[in-house]
Amino acid sequence: MTVTETTSYPLRFSLTPSPAARAEAEREEILADPGFGKHFTDHMVSIDWTTAAGWHDAQVIPYGPLMLDPAASVLHYAQEIFEGLKVYRHADGSLHTFRPEANARRLQRSAQRLALPELSVEDFIESLRRLVAVDGQWVPSAPETSLYIRPFMIANESFLGVRAAHKVGYYVIASPAGAYFAAGVAPVKIWLSTEYSRAGRGGTGAAKCGGNYASSLLPQVEAYENGCAQVLFLDAETGSHVDELGGMNIFFVHKDGHLSTPALTGTILEGITRQSIITLAKDRGLTVDETTITMDDWRDGIESGDITEVFACGTAAVITPISQLLGSEISIGNPDAPAGELTMSLRRELTDIQYGRTPDRHGWLTRLDA
Ligand SMILES: *Cc1c(COP(=O)(O)O)cnc(C)c1O
């Protein structure tokens, strides 16, 4: 099977301003309490791809419904991938995003796995710039708020045969996001899914695709019913070691200060937050073991006091402390455990970089409004 390579020239974007763009007062009202994923900005990016023409028709258009033929292949065979990143407003008003090249490259890897076409890193970043150029005022300024950007790619060929689509759409939408922990960072309980798996060997676990999320929703319901915020998945093959949460990676802090996190074995999503935490921890002289972590390691580590902190990480919540793991036959940790010290210190350092409160020594920020 061949997947057409990225076009080698940069795309040129046209702009159609929205006739229904919200007035400043309405926008400010939304930005005062945006929640997450509920409100969308006035515009979106759309780029088309066909096997014959490659990527073309790059546009910034009014935000609105897509026209999809009922036979569009994404609706039947879930040929879809996405990304998630944030735009942060710094104290001087400038707008920055975090490691967008890493998102661009991950979108390319996801595209490869889902037999979708690759978009170049340059075109990906330009698509963010173009959207922010028209909708930059939608980036809130209150502490810990951001504009969440959701690039995604779908197969939209009208064809019910089962094969990689010859017609694809790439879109970018944006949604203002409030502080994830509005009342202060609070540790969460997570639910151990023993009945369901997220990803198997050779599957799509390392790709950021909607299909992975579809299969995680039922165990997520189970988690809610048991008072937990998120689901922890074990590896599908042995059911004995920790993979990741439905949408976040996981870390353990040990008594001697070193960290451990499940190695990237192909069934785990390669989080950019995960990678950044590894770098920041190593900068501090801490060892980070990317390794196999069994459920026994976790239970014994908590019981013996070797594991002192557990946290999850991802773009949306940055770092979330985990107080307790619950399952139908298991309970590890204490629901009242406070957020760990290193957990909170790494969270602070990462958000300080993202919001421009500390020097960006790794060159992780890309300014989007200049
Ligand atoms: C997106 C995602 C993550 C976190 O990745 P970040 O790049 O840190 O946001 C972790 N696990 C899954 C399954 C994801 O989809």
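This structure is a prediction, so every number in the text was calculated from the model and none was measured.

Draft legend 1. Focus on the UniProt feature "modified residue: N6-(pyridoxal phosphate)lysine" (unreviewed entry) in the protein chain. Following the UniProt record, one finds the feature "modified residue: N6-(pyridoxal phosphate)lysine" (unreviewed entry) at Lys208. Inspection of the secondary structure assignment puts Lys208 in the loop between β9 (188-193) and α5 (210-225). The residues touching Lys208, leaving out its near neighbours within four places in the chain, are Ile81, Phe82, Glu83, Gly84, Arg106, Ser110, Tyr213 and Leu269.

Draft legend 2. Broad picture of the site of the ligand. The local shell around the ligand holds 15 residues, among which Lys208, Tyr213, Glu244, Thr273 and Thr315 are the closest. In this structure, an oxygen atom belonging to the ligand sits 2.7 Å away from a side-chain N or O atom of Lys208. Here Thr273 contributes a side-chain N or O atom positioned 2.6 Å from an oxygen atom of the ligand. Surface burial for the ligand is 97%, taken as the share of its 380 Å² of free accessible area covered by protein chains. With respect to the detected pockets, the ligand is housed in the largest pocket.

Draft legend 3. Broad picture of the pattern of salt bridges. A complete count under the given rule lists 17 salt bridges for this structure. A salt bridge links Arg347 to Glu144; the nearest nitrogen and oxygen atoms lie 3.4 Å apart. Of this pair, Arg347 sits in helix α8 (residues 341-354) while Glu144 sits in the loop between α4 (121-135) and β7 (146-155), placing them 203 residues apart in sequence. Take Arg347: its relative accessible area is 7%, and that puts it in the buried class.

Draft legend 4. Here's a closer look at the layout of surface pockets. Estimated volume of the largest pocket: approximately 870 Å³. Lining the largest pocket are 39 residues, with Phe36, Tyr148, Tyr213, Gly247 and Ala316 positioned closest to its centre. Residue assignment for the lining of the largest pocket shows that the elements contributing at least two residues are β7, β8 (167-177), α5, α6 (272-283) and β15 (307-314). Ranked by residues supplied to the lining of the largest pocket, first place goes to α5 with five residues. Both of domain 1 (4-177) and domain 2 (188-354) provide at least three residues apiece to the lining of the largest pocket. Considering only enclosed or pocket space, the second largest pocket measures out at about 250 Å³ in volume.

Draft legend 5. Helix α1 (residues 24-32), seen in detail. Within α1, burial applies to Arg27, Ile30 and Leu31. Along the long axis of α1, the arc covered by the buried residues comes to 100 degrees, so they all point the same way. Exposed side of α1, more than 90 degrees from the buried face: Ala25, Glu29 and Ala32 are the residues found there. Looking at the buried residues of α1, the elements they touch are β8.

Draft legend 6. Spatial organisation of a nonpolar patch on the surface. A grouping of Leu66, Leu68 and Leu75 is seen on the molecular surface, where their side chains present a nonpolar patch of about 230 Å² in accessible area. Structurally, Leu68 can be placed in the loop between β3 (54-62) and α2 (73-77).

Draft legend 7. Molecular detail of the domain arrangement of the protein chain. Domain boundaries assigned for the protein chain yield domain 1 (4-177) and domain 2 (188-354). The C-alpha centroid of domain 2 is placed 28 Å from the C-alpha centroid of domain 1. The interface of domain 1 with domain 2 comprises 19 residues on the first partner and 21 residues on the second. In total, about 1,800 Å² of surface goes out of reach between domain 1 and domain 2, with carbon and sulfur atoms giving 56% of it. Taken as a group, Phe82, Phe98 and Arg106 account for 33% of the area that domain 1 buries against domain 2, more than any other trio of residues on that side. There are two salt bridges connecting domain 1 and domain 2. Measuring nitrogen to oxygen at the nearest pair gives 3.8 Å for the salt bridge that ties Glu270 to Arg109. Within the residue set of the side of domain 1 that touches domain 2, elements represented by two or more residues are β4 (80-82), β5 (85-89) and α3 (100-113). In terms of residues, the side of domain 1 that touches domain 2 owes the most to one element, α3, which gives six residues. Tallied by class, the residues present in the side of domain 1 that touches domain 2 amount to seven nonpolar, four polar and eight charged.

Conventions used here
- For every chain, the first residue of the written sequence is number 1, and numbering continues from 1 onward in sequence order.
- Confidence filtering applies because this is a predicted model: local features only for residues at pLDDT of at least 70, side-chain atom pairs given and counted only at 80 or more, and all residues used for totals across whole chains, interfaces and linings.
- Each side-chain value is derived from all of the structure's non-hydrogen atoms; neither hydrogens nor water enter the calculation.
- UniProt positions are given in the numbering used here, feature names are shortened, and annotations may be inferred rather than shown by experiment.
- Note on conventions: DSSP H or I runs of at least 4 residues are helices, E runs of at least 2 residues are strands, and numbering of each starts at the N terminus.
- Throughout, a contact is declared for two residues whenever any of their heavy atoms are within 4.5 Å.
- Any residue with a heavy atom lying within 4 Å of a molecule or strand is counted as near it.
- Nitrogen and oxygen atoms within 3.5 Å of one another constitute a polar contact, given that in protein one can donate a hydrogen and the other can accept it, and given that sequence-neighbouring residues count only through two side-chain atoms.
- Here the Shrake-Rupley method, with its probe set to 1.4 Å, supplies the accessible areas, and only the displayed protein chains count as covering residues.
- Cavities and pockets are found on a 1 Å grid laid over the protein atoms alone: a cavity is a set of points where a 1.4 Å probe fits but cannot escape, a pocket is an open set with protein on both sides within 12 Å along at least five of seven lines, and a lining residue has an atom within 4 Å of such a point.
- Cavity and pocket membership follows a simple rule, namely that a molecule belongs there if more than half of its atoms are within 2 Å of the grid points.
- In the sections that follow, a salt bridge refers to a side-chain nitrogen of Lys or Arg positioned within 4 Å of a carboxyl oxygen of Asp or Glu.
- Only protein chains enter the accessibility calculation, which uses a 1.4 Å probe; a residue whose area is less than 20% of its type maximum is buried, one above 50% is exposed, and one in between is partly exposed.
- Grid points are joined across faces, edges and corners, and a volume is the space filled by probe spheres set on the points.
- A domain assignment, automatic or from a database, supplies the domain bounds used here.
- An arc is given here, and it is the one of the directions from the helix axis to the C-beta atoms.
- Patch members must show over 30% relative accessible area and no salt bridge, and they are joined within 9 Å when carrying like charges or within 5 Å when they are nonpolar side chains of Val, Leu, Ile, Met, Phe, Trp or Tyr.
- Accessible area, probed at 1.4 Å, shrinks when two parts are joined; the buried area is that loss added up over both.
- Each residue is assigned to one of three groups, with Ala, Val, Leu, Ile, Met, Phe, Trp, Tyr, Cys and Pro labelled nonpolar, Asp, Glu, Lys and Arg labelled charged, and all others, Gly among them, labelled polar.

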